[in-house]
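The chain contents come next:
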Amino acid sequence: MKRKLISLLTVAALMIAMLTGCSSKNEVGAEQLADKKVGVCIYQFNDNFMTLFRNELQNYLVSKGFSEENITIVDGANNQDTQTAQIQEFIDNKVDVLIVNLVNSSSAGTITDLVAGAGIPLVYINREPGPAEEQRWADKNMNVCYVGCDARQSGTYQGEIISDIGKNKVDLNKDGKVQYIMIEGDPENIDAQYRTKYSIKALQDAGINVQCLDDQIGNWDMDAAKQLVAESLAAHPQTEVVFCNNDAMALGALESIKAAGRTVGTDIYLVGCDALAEAVDDVIAGTMTGTVFNDHITQSHSAGDAAINYVAGIGNDHYIGCNYVKVTKDNAKKILDSVK
Ligand code: GAL
């Protein structure tokens, strides 16, 4: 009797799987996705890293079975009101799932309630809403998750790239302290806050005394950083390390370092984050000390998978993480090959 019941249950499970076309996680049939609509909100198209992320995400969604015309990606133009209006429009158009790179992380609560209230599942990317908000999704059993990396790790890796060179080598003027300038991304962004903090903490944890000569906001932007570093180097010629919260700004910084007649690896050190191809080329050439790979490939695929799971009625963990990778001359070529 018991055996008969088990085999009946097995047959029933198989039939359900065949009918839904879904046998397990990540095996959602392409035919199930062809008519599903996905809305993607990017905080700003004019951002090197998020452009790589966005293109990879679009290709991945298409490769999984979404039709191109059902994927709509919009530019928040770095304005939360604009993005909130875009999200409202997606809700009115009854998209099946939303993927959102917030303009302001602090708007997460409002956006979550707006989207979840309309019964639409939501995948946040890149800008982390934070532990309290994530706990709320769990407590209320909401179809909301975040896909991204822990920026503390990227900051720590940035600091370690410098401390690994050795205190004596980095302390070029031999005054017992490492003099640095910090160029930050958007200060509201947790990635900027953590990279700023943890890069320096890693130096201190390695027993290195530090002195901050300047700390400026470059808003992730190459031209802004170029200008800031030019001014900063002129005011503080004793600078030994330039930390930039991302590679776009490090590339700008490099132009000003060269213009000031300085040579990375000889009389100054420079660290970025993201592993943009141009920056990794510089690491290989020695014109950038190192960077940290912000794995847009894994992150965009995980975001796509999370969206697919929601569309298929399968839940997701509320936090889906991804590791950063330290990039120095030793592994730069390998990283470059993997992102090209
Ligand atoms: C960071 C990235 C930056 C910028 C930012 C946008 O993770 O390192 O380059 O794209 O996200 O939020």
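So, a few notes on the structure that sits alongside this text.

Rules used throughout
- Residues numbered from 1 in each chain as written.
- Predicted model: local features only at pLDDT ≥ 70, side-chain atom pairs only at ≥ 80, totals over all residues.
- Heavy atoms only, no water.
- Helix = DSSP H or I, 4+ residues; strand = E, 2+ residues; numbered from the N terminus.
- Polar contact = N/O pair within 3.5 Å; in protein donor to acceptor, adjacent residues only side chain to side chain.
- Contact = heavy atoms within 4.5 Å.
- Pairing = 2+ DSSP bridges.
- Axes fitted to C-alpha atoms, helices over the stretch in contact; angles between N-to-C directions.
- Parallel < 35°, antiparallel > 145°, perpendicular 65-115°, else oblique.
- Nonpolar A, V, L, I, M, F, W, Y, C, P; charged D, E, K, R; others polar.

Comments concerning the side chain of S154
Okay, step 1: By secondary structure assignment, the location of S154 is in helix α7 (residues 151-163).
Okay, step 2: Here R195 takes part through its side chain, which lies 3.0 Å from a polar atom of the side chain of S154.
Okay, step 3: Discounting chain neighbours no more than four positions away, the residues touching S154 are R195, C273, V292 and Y324.

What about the sheet that holds strand β3 (residues 97-100)?
Okay, step 1: Taken in spatial order, the 6 strands of this open sheet run β2-β1-β3-β4-β5-β11, and their pairing is parallel. On the outer flanks of this sheet lie β2 (71-75) and β11 (319-320), each paired with one strand and no other.
Okay, step 2: Sheet topology places strand β1 (residues 38-42) next to β2; 5 bridges connect them, and they run parallel. What sits directly across from I42, in β2, is D75.

Concerning the packing of helix α4 (residues 80-92) against helix α5 (residues 108-117)
Okay, step 1: The N-to-C vectors of α4 and α5 enclose an angle of 10°; their axes lie 10 Å apart at closest approach. As the angle between them shows, α4 and α5 are arranged roughly parallel. Contacts from Q80, T84, I87, Q88 and I91 in α4 reach I111, L114 and V115 in α5.
Okay, step 2: A class-by-class count of the residues in the contact of α4 with α5 yields 5 nonpolar, 3 polar and no charged.

Comments concerning the sheet that holds strand β7 (residues 210-217)
Okay, step 1: Pairing within the open sheet is parallel, and its 4 strands lie in the order β7-β6-β8-β9. The two strands at the open ends of the sheet, each matched to only one other strand, are β7 and β9 (269-271). Neighbouring strand axes in the sheet, compared pairwise and without regard to direction, differ in orientation by 15° on average.
Okay, step 2: Sheet topology note: the strand β6 (residues 178-184)/strand β8 (residues 241-244) ladder contains 4 bridges and is parallel. Counterpart to M182 in the pairing with β8 is F243.
Okay, step 3: Helix α9 (residues 190-205) rests against β6, β7 and β8 of the sheet, and its axis sits at about 165° to β6.

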